[in-house]
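Residues per chain are reported as follows:
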Amino acid sequence: MLQAAADTDSSETLTERQQAVLDAALRLLVEEGDNLTMTAVARRASCSKETLYKWFGDRDGLLTATVQWQASKVRVAPVDRKGLDLAWLTASLERFASDWLRVISSDTSIALNRVAVGHAGSGKDDLGAIVLQNGRFALARRLKPVLEAGREAGLLDLDDAETAFRTFFGLVGRDVQIRLLLGDRLQLTEATIGGDAARATQQFLALYGSRTWRANNRPQGPEPDDFRSSRPEI
């Protein structure tokens, strides 16, 4: 998933036909796992292998484009520093969280991640590296400019955007992804996803919101002296 100062969303440069081919590759990953071949994708997408090689290069190139296409569904709005306020920041974080939960709970992402884990465990680390670089790491590069803009606007109090991103990522995902990978049939409805995204955003702001935000949103009583030092390392 998911653009000022962020990675270019490769989905913007794909034609509808190329998107359809990548969707076919994702369906094959769900059905066949690691048995994905250029021949099988060409057959499923009703195109020639020559076309696949022209568009994506080799199998790793096709897998990279497939992961990027799936990750592009997690959206990050362009940063407008002049109009950046708490409402915009909160909405951006909630949308990112909602999109990410939808993506990781989809059959395609579960299948893709299972194959990637299998590659890493067997020493075939090409797909694992592809998923990391074009999935989780790319999402961090997209969202960190939003976090840094929030800091510059005085809305967030953070020293390191990467640490803050890891915290937010952990608050959103919790144990959901590992449970899904292990076969737990979690029912993530739109209401559940929306509630989890809002809750994770509020928890993140409670940890990293500016002193003004925390003062205005403190439930009751004084803030503990060690509150800031209690941030989780994820």
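A short tour of the structure in this document, coming up. Computed from a predicted structure; not experimentally measured.

In terms of helices and strands, the chain carries 11 helices and 0 strands. From first element to last, N terminus to C terminus, the chain shows the α and β order α-α-α-α-α-α-α-α-α-α-α. Counting the 234 residues in the chain, one finds 46% classified as buried. Approximately 11700 Å² of the chain is accessible, and the part contributed by carbon and sulfur atoms is 50%.

Where helix α4 (residues 59–71) contacts helix α7 (residues 126–152), the two axes come as close as 9 Å, and the packing angle between them is 30°. Classified by the angle between their axes, α4 and α7 sit roughly parallel to one another. Where α4 crosses over α7, the handedness of that crossing is right-handed. Contact residues: α4 offers D60, L63, T64, V67, Q68 and A71, while α7 offers D126, L127, I130, V131, N134, G135, L139 and R142. Considered class by class, the residues forming the contact of α4 with α7 number 7 nonpolar, 4 polar and 3 charged.

To continue, consider the packing of aromatic side chains. Per the stated rule, a full pass over the model turns up 7 aromatic pairs. Judged by centre distance (4.1 Å) and plane angle (40°), the rings of W100 and F169 are tilted. With W100 in helix α5 (residues 86–104) and F169 in helix α8 (residues 161–173), this residue pair connects regions lying 69 residues apart in the sequence. An aromatic cluster is built from F96, W100, F165, F168, F169, F204 and Y208, whose rings are joined through pairwise contacts. Between the NZ or CZ atom of R136 and the centre of the ring of F169, over which it lies, the distance is 5.8 Å.

Below, the discussion takes up the pattern of salt bridges. Summed over the entire model, instances satisfying the criterion amount to 10 salt bridges. With a shortest N-O distance of 2.7 Å, D99 and R75 are connected by a salt bridge. One end of the pair, D99, is in helix α5; the other, R75, is in the loop between α4 and α5, and 24 residues separate them in sequence. Within the structure, one salt-bridge network assembled from shared partners comprises R75, D99, R102 and E190.

Counting residues in hydrophobic clusters, the biggest one holds 37 residues, and the most contacted among them are F96, L143, L147, L156, F165, F168 and F204. Where this core is concerned, the elements lending two or more residues are α5, α7, α8, α9 (176–181) and α10 (190–208). When residues in this core are grouped by element, the largest group, 8 residues, is from α5. Those residues in contact with F168 that sit more than four places away from it in its chain are L93, F96, A97, L143, A200, T201 and F204. Core analysis: the next-biggest nonpolar cluster, separate from the first, contains 28 residues, V21, A45, L63 and L127 among them.

Moving on: the side chain of S210. Note that S210 resides in the loop between α10 and α11 (211–216). Only 3.3 Å separates the side chain of S210 from the backbone oxygen of G154, close enough to count as a polar contact. Non-local contacts of S210, meaning those with residues more than four positions away in its chain, are made with G154, L155, L156 and D157.

The rules behind these values
Numbers given to residues run from 1 along each chain, matching the order in which its sequence is written. Where totals are concerned, whole chains, interfaces and linings use all residues; where local detail is concerned, this predicted model gives features only for residues with pLDDT of at least 70, and gives and counts side-chain atom pairs only at 80 or more. For side-chain calculations, the full set of non-hydrogen atoms in the structure is used, while hydrogens and water are omitted. Here a helix means four or more residues in a row that DSSP labels H or I, a strand means two or more in a row labelled E, and each is numbered from the N terminus. Under the scheme applied here, a residue whose accessible area is under 20% of the maximum for its type counts as buried, over 50% as exposed, and between as partly exposed, the area being computed with a 1.4 Å probe on protein chains only. For accessible areas, the Shrake-Rupley method is used with a probe of radius 1.4 Å. Any residue's cover is judged against the shown protein chains and nothing else. Working convention: axes come from line fits to C-alpha atoms, limited for helices to the stretch in contact. Angles between N-to-C directions cover 0 to 180 degrees. Angle categories: roughly parallel below 35 degrees, roughly antiparallel above 145, roughly perpendicular from 65 to 115, and oblique for all the rest. Put simply, a crossing is left-handed when the front helix is turned counterclockwise from the back one by less than a right angle, and right-handed when it is turned clockwise. Note on definitions: a residue-residue contact is assigned when non-hydrogen atoms from the two residues lie within 4.5 Å. Under the scheme applied, nonpolar residues are Ala, Val, Leu, Ile, Met, Phe, Trp, Tyr, Cys and Pro; charged residues are Asp, Glu, Lys and Arg; polar residues are all the others, including Gly. Pairs were defined over the aromatic rings of Phe, Tyr and Trp, the Trp ring being its six-membered one, requiring ring centres within 6.5 Å. Orientation was assigned from the angle between planes: stacked under 30 degrees, edge-to-face over 60, tilted for the rest. Think of it as a cone above the ring: NZ of Lys or CZ of Arg counts as a charge over the ring if it is within 6 Å of the ring centre and within 35 degrees of the ring normal. What makes a salt bridge here is a side-chain nitrogen of Lys or Arg within 4 Å of a carboxyl oxygen of Asp or Glu, nothing more. We define a nonpolar core as any set of buried Ala, Val, Leu, Ile, Met, Phe, Trp, Tyr and Cys residues linked to one another through side-chain atoms lying within 4.5 Å. Here a polar contact is recorded for every N or O atom pair within 3.5 Å, except that within protein the pair must consist of a potential hydrogen donor and a potential acceptor, and residues adjacent in sequence are included only if both atoms are side-chain atoms.

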